[in-house]
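Chain and residue survey
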Amino acid sequence: MTNQNVPAGEQPNTEPSALNLPNILTTLRIVLVPFFVWFLILDAEQRGLWRWWALAVFAVAMYTDKLDGDIARARGLITNFGKIADPIADKLLTGAALIMLSITNDLWWWVTIVILVREWGITLMRFMMLNRAVMPANKGGKLKTVLQTVGIAILLLPVSHDLSWLWWIGTIIMLIAMAITVITGIDYVRQAIKISKDQTDDHRPTN
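Described below are features of the structure shown in this document. (Residues numbered from 1 in each chain as written. Predicted model: local features only at pLDDT ≥ 70, side-chain atom pairs only at ≥ 80, totals over all residues. Heavy atoms only, no water.)

**Focus on the overall build of the protein chain**
- Regarding its fold elements, the protein chain presents 6 helices and 0 strands.
- Along the chain direction, N to C, the helices and strands of the protein chain fall in the order α-α-α-α-α-α.
- Expressed as a percentage of contacts within the protein chain between residues at least 6 apart in sequence, the contacts between residues at least 24 apart total 77%.
- Split by element, the accessible area of the protein chain, about 12400 Å² in all, is 67% carbon and sulfur. (Helix = DSSP H or I, 4+ residues; strand = E, 2+ residues; numbered from the N terminus. Contact = heavy atoms within 4.5 Å. Areas by Shrake-Rupley, 256 points an atom, 1.4 Å probe, with all protein chains shown as cover.)

**Focus on helix 1 (residues 21–43)**
- Its 23 residues place the ends of helix 1 32 Å apart at the C-alpha level, agreeing with the 33 Å of an ideal helix rising 1.5 Å per residue.
- Most pronounced at Leu 32, the bend in helix 1 amounts to some 25 degrees, and the proline Pro 34 follows within four residues.
- Of all the residues in helix 1, the buried ones are Pro 22, Asn 23, Leu 25, Thr 26, Arg 29, Leu 32, Val 33, Phe 36, Val 37, Phe 39, Leu 40 and Asp 43.
- Turning to helix 1, the residues buried within the fold contact helix 2 (49–75), helix 3 (80–103) and helix 5 (139–156).
- The residue sitting at the N-terminus of helix 1 and contributing the capping side-chain oxygen is Asn 20; that oxygen lies 3.0 Å from the backbone nitrogen of Asn 23. (Expected span 1.5 Å × (residues − 1). Bend = angle between axes of the 7 residues up to and from the residue. Buried < 20%, exposed > 50% of the residue type's maximum accessible area, 1.4 Å probe, protein only. Polar contact = N/O pair within 3.5 Å; in protein donor to acceptor, adjacent residues only side chain to side chain.)

**Thoughts on the packing of helix 2 against helix 5**
- Running from N to C, helix 2 and helix 5 cross one another at 165 degrees; their axes reach a closest spacing of 10 Å. Considered as vectors, helix 2 and helix 5 are oriented roughly antiparallel to each other. When you trace helix 2 past helix 5, the crossing you get is left-handed. Facing helix 2, whose interface residues are Arg 51, Leu 55, Phe 58 and Met 62, helix 5 presents Thr 149, Ile 152, Ala 153, Leu 155 and Leu 156.
- Here the residues of the contact of helix 2 with helix 5 are counted per class, giving 7 nonpolar, 1 polar and 1 charged. (Axes fitted to C-alpha atoms, helices over the stretch in contact; angles between N-to-C directions. Parallel < 35°, antiparallel > 145°, perpendicular 65-115°, else oblique. Left-handed = near helix turned anticlockwise from the far one by under 90°. Nonpolar A, V, L, I, M, F, W, Y, C, P; charged D, E, K, R; others polar.)

**Overview of a nonpolar patch on the surface**
- Taken together, the side chains of Trp 108, Trp 110, Val 114, Trp 168, Ile 172, Ile 176, Val 182 and Ile 186 define a hydrophobic patch exposed on the protein surface, amounting to about 710 Å² of accessible area.
- Broken down by secondary-structure element, the contributors of at least two residues to the nonpolar patch are helix 4 (109–128) and helix 6 (164–202).
- Ranked by residues supplied to the nonpolar patch, first place goes to helix 6 with 5 residues.
- One can find Val 182 in helix 6.
- Classification of Val 182 as partly exposed rests on a relative accessible area of 34%. (Patch = residues over 30% accessible without salt bridge, like charges linked within 9 Å, V, L, I, M, F, W, Y side chains within 5 Å. Salt bridge = Lys/Arg side-chain N within 4 Å of Asp/Glu carboxyl O.)

Shown next, in the form of structure tokens:
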């Protein structure tokens, strides 16, 4: 029987089930976060096997970030749950990595604080704007994610502090990532202000 609310020959526009592979991968990324933190705690700054495990977990988790998005877009499995859970999973993982790297004296605390304030602040703002408009990630946002991932991975390498050149490479990458993080954050705020202003003008009564 044809749905009476949908023209003949067309299928109703229904959202895919939230129980799908991309959302499972997103959930897995969240589940991996406490394991990542625990492995670094077990390492106790010895830069041994546990740190390698932490790096491996981080790498796997970040790969699921790319994989779940690719699968969701290719198979039409984009859901409201995924739109909310995916950025939360990303922020939990990178946030945990940044904090743990600062605790182990591998990253300056002020870098971690600047990045986290921007990340969580903009994520909250984007959620608040959902009822007005969807604010997709821009090219700068994708670039800062790549730089953050590379920088964190380098700083997680369980090598001696004597290899200061490697630490400086990771730190410089993180500083660049922080700069792009701040710039893209300002751009998101400008977008939100413009969207709010345009919608206010649209609803303003005309004489």
